[in-house]
2 protein chains.
Amino acid sequence: MLFPKLTKAELQIMEALWSLGPCSIREIHESFRAKNRLAYTTVQTMVYRLESKKAVRRVKKIATAFIFEAAVSRAAAQRRLVDDLLSLLGGRSRPIMAHLIDSGALTLEDIREAEKTLLIRGTKDQQK
Amino acid sequence: MLFPKLTKAELQIMEALWSLGPCSIREIHESFRAKNRLAYTTVQTMVYRLESKKAVRRVKKIATAFIFEAAVSRAAAQRRLVDDLLSLLGGRSRPIMAHLIDSGALTLEDIREAEKTLLIRGTKDQQK
DNA sequence: CATGAACAACTACAGATGTCGTAGTTTGGT
DNA sequence: ACCAAACTACGACATCTGTAGTTGTTCATG
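Summary of the structure given here. A quick note: this is a predicted structure, and the numbers were derived from the prediction, not measured.

1. A closer look at the protein's contact with DNA strand C
Move 1: Close contacts around DNA strand C come from 22 residues, with T7, A9, A39, T41 and T45 of chain B the closest.
Move 2: Secondary-structure elements contributing two or more residues to the surface near DNA strand C are α2 (25-30), α3 (40-52) and β2 (65-70) of chain A together with α1 (8-20) and α3 (40-52) of chain B.
Move 3: Per-element tally for the surface near DNA strand C: the top contributor is α3 of chain B, with four residues.
Move 4: Its residues assigned to classes, the surface near DNA strand C comprises eight nonpolar, 10 polar and four charged.

Now the structure itself:
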């Protein structure tokens, strides 16, 4: 169940779709701050490309406008990003951890949380 | 001290340079497995582009060949990758952790290690 | 029923990327 | 001094990405 790589700009569109739920191109367009708002047609192009990549789909038509919805979940897309990064680093997660800590993005709480998750998964595997 | 984004292909070249140390284009070229070996000139183009991005530099000339070396460290390049991913995810590291665990790339040991590092950094900060 | 707003569909285009070929230059060896 | 091997320098080209304009269609409303 592989879905294609999404670019940065495409991810911004997806982000809007994930947040707003099924919606029209205009709604996506207007969900951006006026500061860095793309042209309506730019958003439209992105959505079309996402559609051809099967990352979004049309669900219905309201008046003249199509309503689109995400066809891939936020979690799945994020996992794809992480997996790609991981493969770039030869599958080693240490550098990732090191840099996360270094940049201050990772707190002790995050770690404890992760540890708990790992422990639970461990016992589950054993039960299995 | 910002250096530009490196693409996947460029990173493969950098990887060779980091592993081999200063070397010629031919040495980089031959360091790849025959299976997926790029043409010599492809490697050459990549190195030239990396040079214009200031990611590698010429250090000297041996006979007809230039010797290149990495101008950015592996750690710095990797940090850049992680930072980019982080910004894609809105600065939240939780999804990264979750997916790392899920994919099995993160072991309990990795976590313990990270925890130790964080604790040390914590005390250092306090001392400061 | 004519028209304009809103929308879809298509087209355009420059810059980045991945891949490679060709032509000219430098060198070590004979 | 001369030549072939090894390089460098440069150009080519298809594809992808980001950004946006143009043309055509539809629907509500005067």
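Let's pick the thread back up.
2. Considering the interface of chain A and chain B
Move 1: Taken together, the contacts link 30 residues of chain A with 30 residues of chain B.
Move 2: Element by element, the count of residues in the side of chain A that touches chain B is highest for helix α4 (residues 74-88) of chain A, at eight residues.
Move 3: Looking at the side of chain A that touches chain B residue by residue, the classes come out as 18 nonpolar, six polar and six charged.

3. Describing the relation of the copies chain A and chain B
Move 1: When chain A is fitted to chain B, the residual RMSD is 0.1 Å, and the transformation amounts to a turn of 180 degrees plus an axial shift of 0.0 Å. Interpreted geometrically, this transformation is the action of a two-fold axis. When each C-alpha of chain A is compared by its distance to the rotation axis, I111 of chain A comes out closest, at 3.3 Å.
Move 2: In this assembly, 100% of the residues forming the interface of chain A have copies in chain B that are likewise at the interface, indicating an isologous arrangement.

4. Describing the pairing of strand β2 (residues 65-70) of chain B
Side chains on a regular strand alternate between the two faces of the sheet.
All names here are of chain B.
Move 1: Across six bridges, strand β1 (residues 56-62) lies against β2 in antiparallel orientation. Following the sheet pairing, R57 is matched in β2 by E69.
Move 2: Hairpin geometry of β1 and β2 is characterised by an intervening segment of two residues between the two adjacent antiparallel strands and by a positive phi of about 55 degrees at A63.

5. Remarks on the protein's contact with DNA strand D
Move 1: In the neighbourhood of DNA strand D, 22 residues make up the surrounding shell, with T7, A9, T41 and T45 of chain A together with F66 of chain B lying closest.
Move 2: For the surface near DNA strand D, the secondary structure elements donating two or more residues are α1 (8-20) and α3 of chain A together with α2 (25-30), α3 and β2 of chain B.
Move 3: Considering each element in turn, the surface near DNA strand D owes the most residues, four residues, to α3 of chain A.
Move 4: In terms of residue class, the surface near DNA strand D is built from eight nonpolar, 10 polar and four charged.

Definitions and cut-offs
- Residues numbered from 1 in each chain as written.
- Chains lettered and ligands numbered in written order.
- Predicted model: local features only at pLDDT ≥ 70, side-chain atom pairs only at ≥ 80, totals over all residues.
- Near = placed C-beta within 6 Å.
- Helix = DSSP H or I, 4+ residues; strand = E, 2+ residues; numbered from the N terminus.
- Nonpolar A, V, L, I, M, F, W, Y, C, P; charged D, E, K, R; others polar.
- Contact = placed C-beta atoms within 7 Å.
- Least-squares fit on C-alpha atoms with pLDDT ≥ 70 in both.
- Pairing = 2+ DSSP bridges.

Functional significance is not addressed by these values, which are geometric in nature.
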